[in-house]
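Listed here are the chains, written in short residue letters.
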Amino acid sequence: MSEACSFQLATAVPPRRFHQTQAAGLARSLLRADDLVSSAIGDFFPRAGVDFRSSVLLLQDHRDDPGSELRQDFYLPATECNLHGPTTEARLRAFFTHAPGLAHEAAAKALALSGTPVRSCTHLITVSCTGTGAPGVEFTLIESLGLRPDIARTNIGFMGCHGAINGLRVAQAFAADPDVRVLLVCVELCTLHFPYARDVGTIVTNALFADGAAAAVIQRAPVGRMRLVRTGSSVLPDSARDMTWTVGDHGFVMTLSKRVPELIQSHLRAWLEGWLAESELELGQIRGWAVHPGGPKILDAVTHALELPETALAASHEVLREHGNMSSPTVMFILARLEATSPTLRGPVVALAFGPGLVVEAALVQFA
């Protein structure tokens, strides 16, 4: 088992934000929604648990006037000649235009908050499932932050919403060496992959996803209130087709079946109790929860499966409401929210995220 390591978090979102009512209007416009599709949008968007989201594509901030029309000039309404929106090539070109700056902002904040000299970082881990290419964001970070050219680079790609926990796992392994300082950066631009399909599953995903980045400095020596004790992973049975994330000709395509909450509710508790027992812990001893908000039904499934108080996942609901689902950085936003809003929180905290597979990833974090 890897040694526990300390870490300091920071987050960043694009400066332009929009209200969920504006997102619904944009979806109707782009999909040229008929009465049935428009009704589905009107049904699902208000129930997504989201008030605001951010996108690198916005030209102005729409927070102050939820009734104003939202414009994202990257997209065009669906027509016979343009049924699916921009090509994957165009979407990835936009990723490499916008992602480096957002990743830099989160990373620079983490370095400053931790008091870590830039040139002392020995390892750089980048996480993303919404952009892929080589050289990637890690190269732009080396230049923009002034990282040393011999820094060891690792990229964790296409793992979906639990990518940050996989990043923490790799960082913890590197940090077994007390001379190592790891910079972990997660950046996702989910709004680049707005799908034009008109099925219910696609409408649900369009109601949730947003852009964001998070970063952490991780090392053996104390660097913040949080210490990563261990991580765990479990593939849920008979679930390979219930959550997928694939490359299509017109963006990356997500499928999410109605069975996902049921699978979580059926299988999470038994595995998690066994995993915690390996650390001589029980569910009742966990002082805080950072559960990735794949959507309100996911959070409800976790609450019911673990028989948690209604307020246990308040930080997860708050991040979903204020930022939407930003994929991999989101669980780090929730940990940062717990750190900022619960100064008296002490003891073990569990972070959980669910991704394609269907796989549950967990991190045991000790708050000091």
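Residues numbered from 1 in each chain as written. Predicted model: local features only at pLDDT ≥ 70, side-chain atom pairs only at ≥ 80, totals over all residues. Heavy atoms only, no water.

Asker: Would you explain unusual backbone geometry in this entry?
Answerer: Note: most residues except glycine have negative phi, and most peptide bonds are trans. Residues Ala 134 and Pro 135 are joined by a peptide bond in cis, for which omega reads -5 degrees. Of note, Pro 135 is situated in the loop between strand E4 (123–128) and helix H4 (137–145). Residues Gly 357 and Leu 358 are joined by a peptide bond in cis, for which omega reads 0 degrees. Even without being glycine, Asp 238 reaches a positive phi, approximately 50 degrees. Mapped onto the elements, Asp 238 comes out in the loop between strand E8 (226–235) and strand E9 (243–248). Overall, the relative accessible area of 64% leaves Asp 238 in the exposed class. Of note in the backbone geometry, Ser 327 takes a positive phi value of approximately 60 degrees without being a glycine. Examined against the element boundaries, Ser 327 turns out to sit in the loop between helix H9 (314–323) and helix H10 (330–341). (Helix = DSSP H or I, 4+ residues; strand = E, 2+ residues; numbered from the N terminus. Buried < 20%, exposed > 50% of the residue type's maximum accessible area, 1.4 Å probe, protein only.)

Asker: How should I be thinking about helix H5 (residues 163–174) in this particular structure?
Answerer: Helix length check: H5, at 12 residues, gives a terminal C-alpha distance of 17 Å against a target of 16 Å (1.5 Å per residue), a fit within 8%. Gly 163, Ala 164, Ile 165, Asn 166, Gly 167, Leu 168, Ala 171 and Gln 172 are the residues of H5 that are buried. (Expected span 1.5 Å × (residues − 1).)

Asker: Quick question: what am I supposed to make of the sheet that holds strand E12 (residues 347–355) here?
Answerer: Remark on secondary structure: sheet strands pair via backbone hydrogen bonds, oriented parallel or antiparallel. In space, the nine strands of this open sheet follow the order E5-E4-E6-E7-E1-E8-E13-E12-E11, with mixed pairing throughout. Of all strands in the sheet, those bounded by a partner on one side alone are strand E5 (152–157) and strand E11 (288–291). Adjacent strand axes in the sheet meet at a mean angle of 25 degrees, parallel and antiparallel pairs treated alike. Inspection of the sheet shows E8 paired to strand E13 (residues 359–367) by nine bridges, in the antiparallel sense. Opposite Thr 231, over in E13, you have Ala 363 as the bridge partner. Along the sheet, H10 contacts strand E1 (5–12), strand E6 (182–189), strand E7 (211–219), E8, E11, E12 and E13; its crossing angle with E1, the most-contacted strand, is approximately 105 degrees. (Pairing = 2+ DSSP bridges. Axes fitted to C-alpha atoms, helices over the stretch in contact; angles between N-to-C directions. Contact = heavy atoms within 4.5 Å.)

Asker: Hey, could you run me through empty space enclosed by the protein in this one?
Answerer: Rolled over the atoms, a probe as big as a water molecule pinpoints where empty space is left. Evaluation of the coordinates by the stated rule reveals one cavity of 30 Å³ or more. Residue lining of the largest cavity: Cys 161, Phe 209, Met 243, Met 254, Leu 256, Val 260, His 292, Gly 294, Ile 298, Asn 325 and Phe 354, and that is the complete set. A breakdown of the residues in the lining of the largest cavity according to their chemical character gives eight nonpolar, three polar and no charged. (1 Å grid on protein atoms, 1.4 Å probe; cavity = no way out; pocket = protein on both sides within 12 Å on 5 of 7 lines; lining within 4 Å. Points joined across faces, edges and corners; volume = space filled by probe spheres on them. Nonpolar A, V, L, I, M, F, W, Y, C, P; charged D, E, K, R; others polar.)

Asker: Would you take a moment to explain the pattern of salt bridges for this structure?
Answerer: Pairing between side chains of opposite charge can happen when their charged atoms approach one another. Inspection of every chain in the model, using the stated rule, returns 14 salt bridges. Taking the shortest distance from any N to any O, the salt bridge between Arg 259 and Asp 238 comes out at 3.7 Å. Taken as a pair, Arg 259 in the loop between strand E10 (251–256) and helix H7 (260–277) and Asp 238 in the loop between E8 and E9 lie far apart in primary sequence, 21 residues in all. Arg 259 gets classed as partly exposed once you look at its relative accessible area, which sits at 30%. Arg 259 is the salt-bridge partner of Asp 242, the closest N and O atoms lying 2.6 Å from each other. Here the residue Asp 242 occupies a position in the loop between E8 and E9, and Arg 259 occupies one in the loop between E10 and H7, the gap between them amounting to 17 residues. Three or more residues joined by partner-sharing salt bridges are found here, namely Asp 238, Asp 242 and Arg 259. (Salt bridge = Lys/Arg side-chain N within 4 Å of Asp/Glu carboxyl O.)

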